[in-house]
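# Structure assessment
Listed below are the residues making up each chain.
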Amino acid sequence: MKIIVISGTSAGIGKTTLSIGLMAALEQRGLRVQAFKVGPDFNDPLRHERAINRPSHSLDGTMLTKEYNISTVAKFSSECDVAIVDGLDG
């Protein structure tokens, strides 16, 4: 399984748009994609879910422990071909 992290230098530069486009393109090619969103966000994971037809999961280094984040990625990516992490600014 491969992990791709999309991040940027500031808000509003298209991280989520790029992430969703990549998720949809990989799904259309027959790959199993798992989505993750960094930070406290409720809207973007819903958009991820529409693109890949499976739940997106939140990762957050402030509100969640490092161990929780690592285990969440491992658990939900185990049967996928690629994980896409829609990252934070900076």
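Preceding this paragraph is the structure being described.
Residues numbered from 1 in each chain as written. Predicted model: local features only at pLDDT ≥ 70, side-chain atom pairs only at ≥ 80, totals over all residues. Heavy atoms only, no water.

A few words now on the pairing of strand β2 (residues 33-38). Extensive coverage of β2 is indicated by the burial of six of its six residues. Taking every second residue as pointing to the same face, both faces of β2 are buried, with Val33, Ala35 and Lys37 on one and Gln34, Phe36 and Val38 on the other. Sheet analysis places β2 next to strand β3 (residues 57-59), joined by three bridges and oriented parallel. By the bridge assignment for β3, Phe36 is matched with His57. (Buried < 20%, exposed > 50% of the residue type's maximum accessible area, 1.4 Å probe, protein only. Helix = DSSP H or I, 4+ residues; strand = E, 2+ residues; numbered from the N terminus. Pairing = 2+ DSSP bridges.)

On to the side chain of Ser77. Tracing the chain through its elements places Ser77 in helix α3 (residues 66-77). Classification of Ser77 by relative accessible area gives buried; the value is 1%. Within polar-contact distance, the side chain of Ser77 engages the backbone oxygen of Val73 at 2.9 Å. Residue contacts for Ser77: discarding those within four places in its chain leaves Met1, Gln34, Phe36 and Ala83. (Polar contact = N/O pair within 3.5 Å; in protein donor to acceptor, adjacent residues only side chain to side chain. Contact = heavy atoms within 4.5 Å.)

Before going further, it helps to examine the nonpolar core. Counting residues in hydrophobic clusters, the biggest one holds ten residues: Ile6, Ile20, Met23, Leu26, Val33, Ala35, Ala51, Ile52, Val82 and Ile84. Among the elements of the structure, α1 (15-28), β2, α2 (43-52) and β4 (82-89) are those that each provide at least two residues to this core. Contacts of Leu26, omitting those with residues within four sequence positions, involve Leu31, Val33, Val82 and Ile84. Formed by six residues, the second largest nonpolar core is a distinct cluster that contains Leu59, Val73, Ala83 and Val85. (Core = buried A, V, L, I, M, F, W, Y, C linked by side-chain atoms within 4.5 Å.)

We now examine the pattern of salt bridges. Counted by the stated rule, this structure contains five salt bridges. In this structure, Lys37 and Asp44 form a salt bridge, with 3.0 Å as the shortest nitrogen-oxygen distance. Asp44 carries the same exposure label as Lys37, and that label is buried. The shortest N-O distance in the salt bridge between Lys37 and Asp86 comes to 3.5 Å. In this pair, Lys37 is assigned in strand β2 and Asp86 in strand β4, connecting sequence segments 49 residues apart. Counted as one network, the salt bridges with shared partners bring together Lys37, Asp44, Arg47 and Asp86. (Salt bridge = Lys/Arg side-chain N within 4 Å of Asp/Glu carboxyl O.)

So, on to the environment of Leu64. Looking at the secondary structure, you find Leu64 in the loop between β3 and α3. For the pair Leu64 and Val85, spaced 21 residues apart in sequence, the C-alpha to C-alpha distance is 16 Å. Setting aside residues up to four positions removed in sequence, Leu64 forms contacts with Ser58, Leu59 and Asn69.

Everything listed here is a matter of coordinates, which is why it stays silent on function.
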